[in-house]
Structure formats: structure tokens, C-alpha cells
Amino acid sequence: MNTTVTVNYDSLNSIKNAVDDLLGVGIPQEKFYVIKSAKQIKVITPKASEPEILELLNRHNPV
């Protein structure tokens, strides 16, 4: 079963760094969405991978 992980950031630079990390660990671009106007990233991931995705996204100082 998949889940959607949503994280908000205070800067577009943080989003860029998080996207670079997602791509770097092999998350396909079609599995995540960047909403620049809301400074938000949404990642569709299997429930079992949710802790790892949250750890990765939390490295970039979410709000």
C-alpha cells in the first residue's frame, strides 16, 4: 500500500536540496511533486519506506 508524505519548507533552496536528495537515492521524479507556491513536497512511497523518506526530507529543515 502506498502513502503520501507531505513536507513544507520555508525556502525554495531547501526544496531544491530535498529534490536533489530524492533523485540521488533513486526516487523517480514521477513519484514526487513540488508545489512551489506552497513551498511543499509530496512524495508517493510504499508505507514501509515512509520512515526513510521522512528522514531524508527532514534533513532540509522543514517547517
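So, here is what we can say about the structure in this document. Note that this is a predicted model, so its numbers are computed, not measured.

Reading the values: rules and limits
- Within any chain, residue numbers begin from 1 and follow the written order of that chain's sequence.
- In keeping with the model being predicted, local features are shown solely for residues with a pLDDT of at least 70 and side-chain atom pairs are shown and tallied solely at 80 or more, while totals for entire chains, interfaces and linings include all residues.
- For the side-chain quantities, the full set of heavy atoms in the structure was used; hydrogens and water were omitted.
- Every axis in this analysis is a line fitted to C-alpha atoms, fitted for helices over the stretch in contact. Angles between the N-to-C directions lie between 0 and 180 degrees.
- Secondary structure counts use DSSP, requiring at least four H or I residues in a row for a helix and at least two E residues in a row for a strand, with both numbered from the N terminus.
- Working definition: roughly parallel below 35 degrees, roughly antiparallel above 145 degrees, roughly perpendicular at 65 to 115 degrees, and oblique for all remaining angles.
- Helix crossings are classified by the rotation of the near helix relative to the far one: an anticlockwise turn of less than a right angle makes the crossing left-handed, while a clockwise turn makes it right-handed.
- It only takes one pair of heavy atoms within 4.5 Å for two residues to be counted as in contact.
- Each residue receives one of three labels: charged for Asp, Glu, Lys and Arg, nonpolar for Ala, Val, Leu, Ile, Met, Phe, Trp, Tyr, Cys and Pro, and polar for the others, Gly being one of them.

Some thoughts on the packing of helix α1 (residues 12-24) against helix α2 (residues 50-58)
- Across the interface, α1 lies against α2 with an axial gap of 9 Å and an inter-helix angle of 140°. Put simply, α1 runs oblique to α2. Remark: the crossing between α1 and α2 carries right-handed chirality. Between α1 and α2, the residues in contact are Ala-18, Asp-21 and Leu-22 and Ile-53, Leu-56 and Leu-57, respectively.
- Across the contact of α1 with α2, the residue classes tally to five nonpolar, no polar and one charged.

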